[in-house]
Amino acid sequence: MRSMKTKVKKIDKMQLNSEVSRSIVEEAGDILKSGGLVAFPTETVYGLGADALNKDAAHKIYAAKGRPSDNPLIVHIARIEDLKRVVRIIPKEAYIIADKYWPGPLTMIFEKAEQVPYETTGGLETVAVRMPGDEAARKIIEAGGGFIAAPSANTSGRPSPTKAKHVIEDLSGSIDMIIDGGDTAIGVESTILDMTVIPPMILRPGAVTKEMLEGLLGDIAVDRTMVSADSGTAPKAPGMKYRHYAPKAELSIVEGPTELVADAINSMASSRISQGFRVGIIGTEETKGKYRAGIVKCIGTREDEMTIAGHLYTILREFDEENVEYIYSESFSTGGIGSAVMNRLLKAAGYHVIEV
Ligand code: TXA
Ligand code: MG
């Protein structure tokens with residue numbers, strides 16, 4: 001179905017007021033307003049945008065991504081005052097959170113207003129809303145009419161895109177336009193917080209952490225299915241039930257004291273290599289020198305977990321391209337953004353963890 005001509009335009013985030021940038025934003029806005037699809041950068045991952053209030057436009061997103069139609073989309077806004085146009089009731093806690101974390105990597109779920117079509121909410125009575133921190137994203141949202149449905153701009157089942165190149169790989173020929181704003185700053189998707197329950201519940205971990213939200217509101221619940229392979233219960237965010245972020249290779253996470261982890265990975269890797277398989281290893285700045293075989297990739301430094309979040313999806317995509325058959329990854333701390341990293345890594349591994 002890749003038969004369309006997809007325009008790719010680079011935007012300079014330091015020069016958003018230049019004439020060139022303004023004309024790119026205007027062109028993207030015109031495409032969105034006429035029901036087309038535009039991929040654009042946000043601070044988390046690239047999004048695939050369509051007019052959230054136009055059911056035919058929202059519908060096109062599912063076709064382009066190959067996304068199951070019961071998986072709801074996030075409505076992106078550019079101004080806090082627009083929230084009330086897409087949701088029915090705004091609990092006062094939502095304003096407290098929005099004051100502090102919007103614009104930013106946080107999505108909140110509310111009861112939907114009538115004008116939000118079921119095509120956007122995957123048939124649900126609730127709607128997810130986010131005001132992204134990326135200024136280029138907000139300008140595009142505004143130019144497109146103010147309410148833009150945007151899932152991650154990958155084809156369903158692939159890692160979310162953190163570079164325009166990833167979007168081009170997955171969606172070129174299937175959408176109208178791709179805006180290249182360089183690498184995304186964070187690299188994992190937004191935190192999702194359900195505001196329709198008391199206390200509010202995290203359905204997907206992201207850069208805005210449980211601790212940060214508790215600092216504002218006190219008690220915050222966490223969807224249990226988020227942290228383990230609890231196959232008996234369905235996750236509350238429909239999208240979390242799919243085997244997302246799945247690399248082609250079989251991925252194992254190896255957990256334990258650093259020295260033992262490196263030894264265990266070395267021995268598993270060399271045994272697979274001697275059987276004739278291609279092996280990839282995910283290490284860190286601190287440990288990469290310990291690995292002796294396979295394709296070793298450094299995901300970042302343990303001193304700054306943001307670097308790890310930033311490289312996760314790129315590395316998974318690179319291993320796919322390199323036709324790696326087994327990947328061994330170290331495990332990461334679950335403090336701060338680490339819980340989002342481990343959530344994505346565990347899903348990619350099908351919860352396969354080796355303790356040493
Ligand atoms: O960082 C992000 O949130 C990125 C950027 C582009 O903004 N977007 C993103 O969208 O990750 P997507 O569609 O890939 O993930 C949205 C998740 C899915 O797991 C979906 O099931 C969940 O949000 N979701 C959306 N609306 C929901 C609702 N009303 N109730 C529960 N979960 C919802
Ligand atoms: Mg996604």
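Residues numbered from 1 in each chain as written. Chains lettered and ligands numbered in written order. Predicted model: local features only at pLDDT ≥ 70, side-chain atom pairs only at ≥ 80, totals over all residues. Heavy atoms only, no water.

**Re the packing of aromatic side chains**
1) Next: On inspection of all chains with the given rule, the structure shows one aromatic pair.
2) Next: Between Phe 277 and Tyr 326 the ring centres are 5.1 Å apart and the planes differ by 75°, which places this aromatic pair in the edge-to-face class. A residue pair is termed long-range when its members are at least 10 positions apart, and Phe 277 in the loop between α9 (258-274) and β13 (279-283) and Tyr 326 in strand β15 (residues 326-330) qualify at 49 residues.
3) Next: Residue class for Tyr 326 comes out buried when judged on its relative accessible area of 13%.
4) Next: Across from the ring centre of Tyr 326, 4.0 Å away, lies the NZ or CZ of Arg 272, which sits over that ring. (Phe/Tyr/Trp six-rings, centres within 6.5 Å; stacked < 30°, edge-to-face > 60°. Helix = DSSP H or I, 4+ residues; strand = E, 2+ residues; numbered from the N terminus. Buried < 20%, exposed > 50% of the residue type's maximum accessible area, 1.4 Å probe, protein only. Lys NZ or Arg CZ within 6 Å of the ring centre and 35° of its normal.)

**A closer look at the packing of helix α1 (residues 19-33) against helix α6 (residues 135-143)**
Any two packed helices are characterised by how steeply their axes cross, that is the angle between the axes, and by the distance between the axes.
1) Next: Relative orientation of the contacting elements α1 and α6 amounts to 45°, with a least axis distance of 7 Å. Classified by the angle their axes make, α1 and α6 are oblique. In the crossing of α1 with α6, the sense of the turn from one axis to the other is right-handed. Where α1 abuts α6, its residues Val 25, Ala 28, Gly 29, Leu 32 and Lys 33 lie against Lys 139, Ile 140 and Ala 143.
2) Next: A breakdown of the residues in the contact of α1 with α6 according to their chemical character gives five nonpolar, one polar and two charged. (Axes fitted to C-alpha atoms, helices over the stretch in contact; angles between N-to-C directions. Parallel < 35°, antiparallel > 145°, perpendicular 65-115°, else oblique. Left-handed = near helix turned anticlockwise from the far one by under 90°. Contact = heavy atoms within 4.5 Å. Nonpolar A, V, L, I, M, F, W, Y, C, P; charged D, E, K, R; others polar.)

**Things to note about the layout of surface pockets**
1) Next: Reported here for the largest pocket is a volume of approximately 560 Å³.
2) Next: As for the largest pocket, its lining consists of 41 residues, of which Arg 67, Pro 72, Ile 74, Ile 192 and Arg 204 are closest to the centre.
3) Next: Residue assignment for the lining of the largest pocket shows that the elements contributing at least two residues are β4 (74-76), β5 (106-111), β6 (126-130), β9 (191-194) and β10 (201-204).
4) Next: When residues in the lining of the largest pocket are grouped by element, the largest group, four residues, is from β6.
5) Next: Looking at the lining of the largest pocket residue by residue, the class counts come to 17 nonpolar, 16 polar and eight charged. (1 Å grid on protein atoms, 1.4 Å probe; cavity = no way out; pocket = protein on both sides within 12 Å on 5 of 7 lines; lining within 4 Å. Points joined across faces, edges and corners; volume = space filled by probe spheres on them.)

**Description of the site of ligand 1**
1) Next: Ligand 1 sits among 29 residues. The nearest are Thr 44, Asn 71, His 76, Ser 190 and Gly 239.
2) Next: A distance of 2.7 Å separates an oxygen atom of ligand 1 from a polar atom in the side chain of Asn 71.
3) Next: Contacts to ligand 1 include Thr 126, whose side-chain N or O atom sits 3.0 Å from a nitrogen atom.
4) Next: Coverage of ligand 1 by the protein chains reaches 98% of its 680 Å² of free accessible surface. (Near = heavy atom within 4 Å. Polar contact = N/O pair within 3.5 Å; in protein donor to acceptor, adjacent residues only side chain to side chain. Areas by Shrake-Rupley, 256 points an atom, 1.4 Å probe, with all protein chains shown as cover.)

**Digging into the sheet that holds β6**
1) Next: Ordered by their spatial adjacency, eleven strands build an open sheet running β1-β8-β2-β3-β7-β4-β6-β5-β9-β10-β11, and the pairing between neighbours is mixed. Strand pairing shows two members of the sheet lacking a second neighbour, β1 (7-10) and β11 (221-222), which therefore form its edges.
2) Next: Pairing of β5 with β9 involves four bridges; the strand directions are parallel. Of the residues in β9, the one forming a bridge with Ile 109 is Asp 194.
3) Next: Running over the sheet, α6 touches β2 (38-40), β4, β7 (148-149) and β8 (177-180) and is turned about 155° from β2. (Pairing = 2+ DSSP bridges.)

**Re the environment of Gly 47**
1) Next: You can see Gly 47 is positioned in strand β3 (residues 47-51).
2) Next: Residue classification places Gly 47 among the buried positions, given a relative accessible area of 5%.
3) Next: Each C-alpha atom, one on Gly 47 and one on Ala 149, is 8.7 Å from the other, the two residues being 102 residues apart in sequence.
4) Next: Residues within four places of Gly 47 in sequence aside, it is in contact with Val 38, Ala 39, Phe 40, Thr 42, Ala 150, Pro 151, Ser 152 and Ala 153.

**Describing the domain arrangement of the protein**
1) Next: Domain annotation of the protein identifies domain 1 (7-226) and domain 2 (250-355).
2) Next: Computed from C-alpha atoms alone, the centre-to-centre distance between domain 1 and domain 2 is 29 Å.
3) Next: Taken together, the 24 residues of domain 1 in the interface contact 16 residues of domain 2.
4) Next: Buried area between domain 1 and domain 2, summed over both chains or domains, comes out near 1600 Å², and the portion from carbon and sulfur atoms is 51%.
5) Next: Sorting the residues of domain 1 by area buried against domain 2 places Pro 159, Val 188 and Pro 205 first, and these three jointly supply 32% of that buried surface.
6) Next: Viewed at the interface, domain 2 and domain 1 are joined by four salt bridges.
7) Next: For Glu 189, the salt bridge is made with Arg 344, and the minimal N-O distance between the two is 2.8 Å.
8) Next: Across the contact surface, domain 1 and domain 2 share nine residue pairs in polar contact (both at pLDDT 80 or more).
9) Next: The element that contributes the greatest number of residues to the side of domain 1 that touches domain 2 is helix α7 (residues 164-171), accounting for four residues.
10) Next: Split into classes, the residues belonging to the side of domain 1 that touches domain 2 amount to eight nonpolar, nine polar and seven charged. (Domains from an automatic or database assignment. Buried area = accessible area lost by both parts, 1.4 Å probe. Salt bridge = Lys/Arg side-chain N within 4 Å of Asp/Glu carboxyl O.)

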